[in-house]
Protein chains: 2
Amino acid sequence: MYTQQEIDFALRGAVQIFSKEGLVDRLNSGKRLKIKLGCDPSRPDLHLGHTVILRRLKALQDMGHEIIFLIGDFTGMIGDPSGKSKTRPKLTLEETRENGVSYLQQVGKVLDPNKATIAYNSEWLNAMNFADVIGLASKYTLARTLERDDFTKRFKENQPISLHELLYPLAQGYDSVALHADVEVGGTDQTFNLLVGRELQRDYGQTPQEVITFPLLVGLDGKEKMSKSLDNYIGIDEPAAIMYEKAMRVPDSALLEYFVLTTDISEEEAKEIIQKDVVEAHRVFGKEIIRMYHGEAAIEEAVSRYATVASGAIPDKMATALVPLNDEKTIGICDLVRICGLAPSNSEARRLVQGKGIKIDNVVIEDVHAKIACTDGMVVSKGKNKFVRVEVEK
Amino acid sequence: MYTQQEIDFALRGAVQIFSKEGLVDRLNSGKRLKIKLGCDPSRPDLHLGHTVILRRLKALQDMGHEIIFLIGDFTGMIGDPSGKSKTRPKLTLEETRENGVSYLQQVGKVLDPNKATIAYNSEWLNAMNFADVIGLASKYTLARTLERDDFTKRFKENQPISLHELLYPLAQGYDSVALHADVEVGGTDQTFNLLVGRELQRDYGQTPQEVITFPLLVGLDGKEKMSKSLDNYIGIDEPAAIMYEKAMRVPDSALLEYFVLTTDISEEEAKEIIQKDVVEAHRVFGKEIIRMYHGEAAIEEAVSRYATVASGAIPDKMATALVPLNDEKTIGICDLVRICGLAPSNSEARRLVQGKGIKIDNVVIEDVHAKIACTDGMVVSKGKNKFVRVEVEK
């Protein structure tokens, strides 16, 4: 029996669980559970977005369960037969195996790869013939398949859906049957496919897997989900100084989510840190991820290197503003901008902040409610040319 | 080069041709064409409905082309994996082969089985693996598939469509690719599937097959298509007397179609025969099909046996009506019924005829415009109890 705290930690950030009771019962059953995560067969380059789930798998692994990374090499080896997608070249068997090994090496930064298993779905999907596919396809209706969000949307908008696309959720679901998975985890965008696995297992006479979905981490742009191709990511293999610099660019509005989904700092503590001083909160986050992926020793150098680089963009001579702080030794960002003479009014200051025109020590501040714990020498800037040095009113 | 007459004869009764020019060019190309007809793998029992197409294949065979009977044993061996249809039991490989041989024997009554080929689609469909199926399915969109009438209807009415059903038209279409078919013929209910074959051949780099569709012959009930399970059929293996009796039951409204689609009598001649006397027209049709499937010698016995059986249902003593004929020596059915005292007015007579309540010499007459060439001793009856013997007014 696990404590509520242990279970809550393993499920931290989870969006949906099918079913909560079933999952808790199974975690507590004493059986070593098979926990499946489906992985893209293309060359991986893990970033913080991937760690959202990997960190939960680490907690489940620590509880004694078996983590299975299911590499979807079957579809990878087919490529896109409709020839529509240029970004999906065919992979050879060798390439998919190399990518699998590379994946396992990289996840070693988050969990113990020696206690995890890797599986390739071509092993059973390649062995299926047309009659097997018909048997599989007979277990699911068109109407159910069209409930998947992207299909619904494309169908309604008369965008073409090739028949083979309808088979992919079944293939993915069948992986759970082949693995006898007890639990499957995935991003919220995979909810439909994970539930197909649940239903197919039932059809094939197995106990349906429990399903846990986790949020997709938003990227540094604050809009799209984090991905390498959109260049809005923080890679877990990146140098510490780059990590720190990127951490400073996490949108204020996403910072709490980054703390909760990618670090062990508790939600309450993170809220407090952000509430107190949003610039300092970025620094705390940056240091924390360096600690996790490069170790404590790497923090100091990264921070000082960042300061040097950042200061290089700031001129030596500039105006100085005398800034009063409140009892908590902070000041609201809009007041600060106005007092520095960068805006004639609070409403104009607000507009500037929302438009990402204001930086403090080179960090964009976009939350109009952000509180800044000003210190002497801190630089507030507007655009690329206006700089004001802060002097705290004593 | 074939004459227009030869081509018209081969295409007699065709509903749609894709494309007419393409087909004529290919027939005239001098090449021996592969002409495909898809056949059900269950035990066949050929009836006049089947002969509509078989007779056209006979004409094409006489032109020197190769007829290929494609037995759809692949799906037959799978049965219905969704378990919805009880009428589709799984067939073994042996059973499908026996049924194929039986099919070829039966079609021998219409065309030359020695100049026809039999093929089983399990030979190539069984060899396809999941990746092949995905490749095949990628060539067709969901929207196109849903254009098939029955899918459109079921989808609109929220009736479940299993995903495997969407694969069947592709499997059937792929048969044309595997066979390198030049022409495919089928019933109008197969139009969609035949056109899929056309498109898949193009996708696989072949010249798309020409497609010819033929009407589905209506059964003796005048409503549903002829089929053994509905017991509204005239089997080509049935005894001559039974054939003749069933010919008498062909609905007046369908008689011209029966002449055109199942005999060599020309449409003009058939129209004339029916126009002159609809009862006699039934007799001509009955004699014609006996001639085709049992030979000239069998006609006399069948006709006299029918007369004996029919007269058995007619009492010896009955009223007599004096019937005047027009210049063509006929009388309209409604006038006849009224004059025989079986209806007080022409409108009531009309109602009786439409309700199939009137028989002449035991043949139901349902066309209110039918002209009857009365002869002395002919018996007009209403229901099961009222009989009137005709005496022609001289």
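Residues numbered from 1 in each chain as written. Chains lettered and ligands numbered in written order. Predicted model: local features only at pLDDT ≥ 70, side-chain atom pairs only at ≥ 80, totals over all residues. Heavy atoms only, no water.

Q: Requested: an account of the overall build of chain A, with residues and values cited.
A: Check the secondary structure of chain A and you find 18 helices and 13 strands. Overall, chain A is about 80 × 50 × 35 Å in size when its C-alpha atoms are taken along their principal axes. Expressed as a percentage of the 394 residues in chain A, the buried residues total 51%. In chain A, once contacts between residues fewer than 6 apart in sequence are set aside, the share between residues at least 24 apart is 69%. If you sum the accessible surface of chain A, you get close to 18400 Å²; carbon and sulfur atoms cover 49% of it. (Helix = DSSP H or I, 4+ residues; strand = E, 2+ residues; numbered from the N terminus. Buried < 20%, exposed > 50% of the residue type's maximum accessible area, 1.4 Å probe, protein only. Contact = heavy atoms within 4.5 Å. Areas by Shrake-Rupley, 256 points an atom, 1.4 Å probe, with all protein chains shown as cover.)

Q: Explain the sheet that holds strand 4 (residues 116-120) of chain A to me, and be specific about the residues and the numbers.
A: The strands that make up a sheet pair up through hydrogen bonds in the backbone, lying either parallel or antiparallel. All names here are of chain A. Pairing in this open sheet of six strands is mixed, and the strands run 1-6-5-2-3-4 from one edge to the other. Whereas interior strands pair on both sides, the edge strands pair on one side only; in this sheet they are strand 1 (16-18) and strand 4. Each neighbouring strand pair of the sheet contributes to a mean axis angle of 20°, computed without reference to strand direction. (Pairing = 2+ DSSP bridges. Axes fitted to C-alpha atoms, helices over the stretch in contact; angles between N-to-C directions.)

Q: Which residues make up the confidence of the model for chain A, and what are the values?
A: Per-residue confidence for chain A gives a mean pLDDT of 91; residues scoring 70 or more make up 97%. ipTM for the predicted complex: 0.78, alongside a pTM of 0.78. (pLDDT = per-residue confidence, 0-100.)

Q: With reference to specific residues and values, describe the interface of chain A and chain B.
A: Taken together, the contact pairs 32 residues of chain A with 32 residues of chain B. Across the chain A/chain B interface, buried area totals approximately 2700 Å², and carbon plus sulfur atoms make up 81% of it. Here chain A and chain B share 10 residue pairs in polar contact (both at pLDDT 80 or more) between them. Taken together, the elements giving at least two residues each to the side of chain A that touches chain B come down to helix 4 (73-78), helix 7 (130-137), helix 8 (142-145) and helix 10 (163-179) of chain A. Looking at side-chain class alone, the side of chain A that touches chain B contains 23 nonpolar, nine polar and no charged residues. (Buried area = accessible area lost by both parts, 1.4 Å probe. Polar contact = N/O pair within 3.5 Å; in protein donor to acceptor, adjacent residues only side chain to side chain. Nonpolar A, V, L, I, M, F, W, Y, C, P; charged D, E, K, R; others polar.)

Q: Please set out the sheet that holds strand 13 (residues 386-392) of chain B residue by residue, giving values where relevant.
A: Residue and element names in this part refer to chain B. Pairing is mixed in the open sheet, where five strands are placed in the order 7-13-12-9-10. Each edge of the open sheet carries a strand with a single partner, namely strand 7 (319-323) and strand 10 (363-364). Relative to strand 13, strand 12 (residues 379-382) is paired through four bridges, and the arrangement is antiparallel. Note that in strand 13 the partner of serine 381 across the bridge is phenylalanine 387.

Q: Lay out the packing of helix 13 (residues 252-262) of chain B against helix 15 (residues 278-294) of chain B in plain terms, naming residues and giving numbers.
A: Residues and elements named next belong to chain B. Their axes nearest at 11 Å, the elements helix 13 and helix 15 cross at an angle of 30°. What the angle tells us is that helix 13 and helix 15 run roughly parallel. In terms of crossing hand, the pair formed by helix 13 and helix 15 is left-handed. Along the contact surface, helix 13 presents Asp252, Leu255, Tyr258, Phe259 and Thr262, while helix 15 presents Val278, Ala281, His282, Val284, Phe285 and Met292. When its residues are assigned to classes, the contact of helix 13 with helix 15 shows eight nonpolar, two polar and one charged. (Parallel < 35°, antiparallel > 145°, perpendicular 65-115°, else oblique. Left-handed = near helix turned anticlockwise from the far one by under 90°.)

Q: Now, about the pairing of strand 5 (residues 183-187) of chain A: what can you tell me, with residues and values included?
A: Residues and elements named next belong to chain A. When you tally the buried positions in strand 5, you get five out of five residues, the bulk of the element. As judged from the five bridges shared by strand 5 and strand 6 (residues 210-214), these two strands associate in the parallel manner. Across the sheet, the residue bridging to valine 183 is glutamate 210, located in strand 6. Read from strand 5 through helix 11 (residues 191-203) to strand 6, the crossover connection turns out right-handed. (Right-handed = clockwise from strand over helix to strand, strands pointing away.)

Q: An account of the packing of helix 10 of chain A against helix 11 of chain A is needed here, citing residue identities and associated values.
A: Residue and element names in this part refer to chain A. One way to put it is that helix 10 packs onto helix 11 with a least axis distance of 7 Å and a crossing angle of 55°. Considering their axes alone, helix 10 and helix 11 lie oblique with respect to each other. Handedness of the crossing formed by helix 10 with helix 11: right-handed. Taken together, the residues of helix 11 that come into contact with helix 10 (itself represented by Pro169, Leu170, Gln172, Gly173, Tyr174, Ser176 and Val177) are Phe192, Asn193, Val196, Gly197, Leu200 and Gln201.

Q: Explain the relation of the copies chain A and chain B residue by residue, including any values.
A: Overlaying chain A with chain B gives an RMSD of 0.1 Å, the required rotation being 180° about an axis along which the chain moves by 0.1 Å. In the structure described here, the two chain copies are related by an operation that fits a two-fold rotation axis. Minimal C-alpha distance to the rotation axis in chain A is attained by A:Asn129, lying at 2.0 Å. Both copies share a contact surface, since 100% of the interface residues of chain A are interface residues in chain B too. (Least-squares fit on C-alpha atoms with pLDDT ≥ 70 in both.)

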